[in-house]
Amino acid sequence: MFEQAFMQNAFIAGTVISIVAGIVGTFVVARSYNFLSHSLSEIAFAGASFGFFIGWAPLFGMILFTIIAALSIGSLENTQARQDNVTSAVSALAIGLGILFLSLGHTANSAATGILFGSVLGISPADIWILVVMAILVLLAIFLFYKPLRLLAFDEAGLLVSNSKKTALKILFLVVMALSVAISSQLVGSLLIFVLVTLPAASARYYQGTVAKLMALSVFFALFGTWAGLALAYLTNLPTSVFIAVIEVGIYLLSIWLAKE
Amino acid sequence: MVNQVEVKDFTAAFSGRTILDHISFSIPQSQFTVIVGENGAGKTTLIKAIIQTVLGAKRPVGEKAKAIRVASKYLAYVPQFRDLGSDYPLTIHAFVALGLNRGLRPWLNKKERAAIDLALDQVDLADLADQRLAAASGGQKQRAYIAQALVQNPDLLILDEPTAALDAGHSLALVKKVRALQEQRQIGVLWISHDTSWIKDYADRYLWLHDGQAESGLAQDLPDQAIHHHQEVTNV
């Protein structure tokens, strides 16, 4: 399996993505931003199809669109509009735009399927470089602002900073989340973003009681699903994201069941 | 004695209604001060103005003051509401550690561990440190919130109705606990309270907000009207 270059690339990409998704997912779940992450992935879909339309790498389109969305959502956060309503409006518009760009760009169906359900087995070395640079940026931002981001995610009421600093921190959080969603879409696709960004972190909550341990276990669950999913996809010739989804949902359900016991 | 808080000519008016009308008062260092007043009297507005001053934020539209001076290097605040959810994963120890939010190093050093242990010990939660916060009782949760505020060694601790969700027995226990640690640490405490029953016995000073005005003095001199009014409100 590992003698094939495309499998090596897929494992490298999968590992990088799982580490980012596990760490950022811990904050996303703590802040109850699960559905916002899904909306961001729909926006990522629009961005990728925009990328195809104008001839960019889809990941660049994703990054551009998700960051614009993160900044807009961040500035809308303090208004009277209900967050879930804003989120549904943004999602609807994003999917509409995605379909528009796919149609305008006469993008092949296989490319569209790749955006929606992931296409890690076809990832190129150049894409991996972009992925690694993005991942380093996300992890660096988390390292530099770890303590305030941790407090924002796990206990916003305890975060005692001026209102302007709080808004800046919230926007940083959304941008980090947007980048992670764009990165993770490369592996599981826009429609299955929950599989890597929220499910491993949600499962970890049943076992761990500190932020660092939650992150570690979340990364472990994400890595386990990704590696096993890639191996199974190789053996069966079926899509990777199916297996990752089944494994992560399985871990989550098992965790709930064990917690009830 | 140097004043820890000095407010001069502070006015707060929102949507055409004046909540605080040119109030001035001062609070000496290291005092346990209770802020009383009916709902809408401006208690939270005043506290927020003090906090934002320490944080160096711009004064919002509708608020004016000749001066608000707060002698505090580190201020800690325990808000009235916290929406953490029944599946909140962190242990009490990890929750308290969230209060250490300065510097880059993501892990705890010896000094920080000692600060957490001291704070947990002072609020009687040392034995429950590894228990999940979500599984704690109302009183234990309030004490965990206070421990999180204490962990950075504040010189001024502000609490917004910490006993609102507690029964009379647990409320008094919390008052005694905070009084004890205020004396041990020699810090200033500003405590917003609806319950006036314990003020004369456990606080140093009062600040009574009513009709847009502020009256302050020694706790033992708390005017009967302030107590009386509270009883009328709670008996309705």
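Every value quoted in this text rests on a predicted model; they were computed, and no experiment measured them.

Each helix and strand in chain B was counted, giving seven helices and 10 strands. Its C-alpha atoms give chain B a radius of gyration of 18 Å, near enough to 18 Å, the size a compact globule of 236 residues would have. Taken along its principal axes, the extent of the C-alpha atoms in chain B is 45 × 40 × 35 Å. Split into buried and exposed, the 236 residues of chain B put 53% on the buried side. Within chain B, contacts between residues at least 6 apart in sequence are counted, and of these 69% link residues at least 24 apart. Of the accessible surface of chain B, which amounts to about 11200 Å², a share of 49% is contributed by carbon and sulfur atoms. Charged side chains of chain B number 25 positive and 26 negative; the gap between the two group centres comes to 9 Å.

Our next topic: the packing of helix α1 (residues 5–30) of chain A against helix α8 (residues 163–188) of chain A. Residues and elements named next belong to chain A. At a closest axis distance of 9 Å, the pairing of α1 and α8 adopts a crossing angle of 145 degrees. Relative to α8, the crossing made by α1 is left-handed. Where α1 approaches α8, its residues Gly14, Ile17, Val20, Ala21, Val24, Phe27 and Val28 are matched on the opposing element by Phe173, Val176, Met177, Ser180, Ile183, Ser184, Gln186 and Leu187.

Moving on: helix α1 (residues 43–55) of chain B. Residue and element names in this part refer to chain B. With 13 residues, α1 extends 19 Å between its outermost C-alpha atoms, agreeing within 8% with the 18 Å of an ideal straight helix rising 1.5 Å per residue. Taken as a whole, α1 has its buried residues at Lys43, Thr45, Leu46, Ile47, Ala49, Ile50, Ile51 and Gln52. Downstream of α1 by one or two residues, glycine 56 has phi in the positive range, about 75 degrees.

Size it by volume and the largest pocket reaches roughly 1200 Å³. Along the wall of the largest pocket there are 44 residues; nearest its centre are Glu156, Ala157, Leu159, Lys166 and Lys170 of chain A. Sorting elements by how many residues they give to the lining of the largest pocket places α1 of chain B first, with seven residues. Within the lining of the largest pocket, the residues separate by chemical class into 21 nonpolar, eight polar and 15 charged. Taken together, domain 1 (1–73 + 155–235) and domain 2 (84–152) of chain B each give at least three residues to the lining of the largest pocket, which thus spans both.

Listed per partner, the contact involves 30 residues of chain B and 24 residues of chain A. Regarding the contact of chain B and chain A, the summed buried area is about 2100 Å², with carbon and sulfur atoms giving 58% of it. Our count for the chain B to chain A interface comes out at three salt bridges. When the shortest N-O distance is used, the salt bridge between arginine 82 of chain B and aspartate 155 of chain A registers 2.7 Å. Between the two partners, chain B and chain A, sit 11 residue pairs in polar contact (both at pLDDT 80 or more). Residue assignment for the side of chain B that touches chain A shows that the elements contributing at least two residues are α1, β6 (75–78) and α2 (92–97) of chain B. Residue composition of the side of chain B that touches chain A, grouped by class: 19 nonpolar, five polar and six charged.

Residue and element names in this part refer to chain A. Per the UniProt entry, the sites bearing "transmembrane region" (unreviewed entry) are residues 12–30, 50–74, 86–108, 128–146, 167–183, 214–235 and 241–259 in this numbering. Its end C-alpha atoms 26 Å apart, residues 128–146 is made of 95% helix and 0% strand. Along residues 214–235, the helical share is 100% and the strand share 0%, with 32 Å between the first and last C-alpha atoms.

With that out of the way, let us pick up the packing of helix α7 (residues 146–154) of chain A against α8 of chain A. Residues and elements named next belong to chain A. Direction vectors running N to C along α7 and α8 enclose 90 degrees, while the axes themselves pass 10 Å from each other. If you check the angle between α7 and α8, you find them roughly perpendicular. For the pair α7 and α8, the contacting residues are Pro148, Leu149, Leu152 and Ala153 in the first and Leu169, Lys170, Leu172 and Phe173 in the second. Residues of the contact of α7 with α8, tallied by class, amount to seven nonpolar, no polar and one charged.

Judged by nonpolar contacts, the single largest core of 133 residues is most densely connected at Phe27 and Phe154 of chain A together with Ile146, Leu157 and Trp191 of chain B. Structurally, this core is a two-domain feature, drawing no fewer than three residues from each of domain 1 (1–73 + 155–235) and domain 2 (84–152) of chain B. Aside from chain neighbours lying at most four places away, what touches phenylalanine 27 of chain A is Ile142, Tyr146, Leu149, Arg150, Ala153, Phe154, Phe173, Val211 and Met215 of chain A. Among the nonpolar cores identified, the runner-up in size contains 27 residues, and Val5, Ile35, Ile50 and Leu190 of chain B belong to it.

This paragraph deals with the pattern of salt bridges. Within the structure shown, the criterion is met by 11 salt bridges over all chains. Close ionic contact of lysine 177 of chain B with aspartate 124 of chain B constitutes a salt bridge, the shortest N to O distance being 3.0 Å. Taken together, the residues lysine 177 of chain B in helix α5 (residues 168–185) and aspartate 124 of chain B in the loop between α3 (110–122) and α4 (138–150) connect sequence positions 53 residues apart. Here the residues in one salt-bridge network are Arg31, Glu156 and Lys170 of chain A, joined through shared partners.

Cut-off values and rules
- Residues numbered from 1 in each chain as written.
- Chains lettered and ligands numbered in written order.
- Predicted model: local features only at pLDDT ≥ 70, side-chain atom pairs only at ≥ 80, totals over all residues.
- Heavy atoms only, no water.
- Helix = DSSP H or I, 4+ residues; strand = E, 2+ residues; numbered from the N terminus.
- Rg over C-alpha atoms; globule rule 2.2 N^0.38 Å.
- Buried < 20%, exposed > 50% of the residue type's maximum accessible area, 1.4 Å probe, protein only.
- Contact = heavy atoms within 4.5 Å.
- Areas by Shrake-Rupley, 256 points an atom, 1.4 Å probe, with all protein chains shown as cover.
- Lys, Arg positive; Asp, Glu negative; His and termini not counted.
- Charge placed at Lys NZ, Arg CZ, Asp CG, Glu CD.
- Axes fitted to C-alpha atoms, helices over the stretch in contact; angles between N-to-C directions.
- Left-handed = near helix turned anticlockwise from the far one by under 90°.
- Expected span 1.5 Å × (residues − 1).
- 1 Å grid on protein atoms, 1.4 Å probe; cavity = no way out; pocket = protein on both sides within 12 Å on 5 of 7 lines; lining within 4 Å.
- Points joined across faces, edges and corners; volume = space filled by probe spheres on them.
- Nonpolar A, V, L, I, M, F, W, Y, C, P; charged D, E, K, R; others polar.
- Domains from an automatic or database assignment.
- Buried area = accessible area lost by both parts, 1.4 Å probe.
- Salt bridge = Lys/Arg side-chain N within 4 Å of Asp/Glu carboxyl O.
- Polar contact = N/O pair within 3.5 Å; in protein donor to acceptor, adjacent residues only side chain to side chain.
- UniProt positions renumbered as here; feature names shortened; annotations may be inferred.
- Parallel < 35°, antiparallel > 145°, perpendicular 65-115°, else oblique.
- Core = buried A, V, L, I, M, F, W, Y, C linked by side-chain atoms within 4.5 Å.

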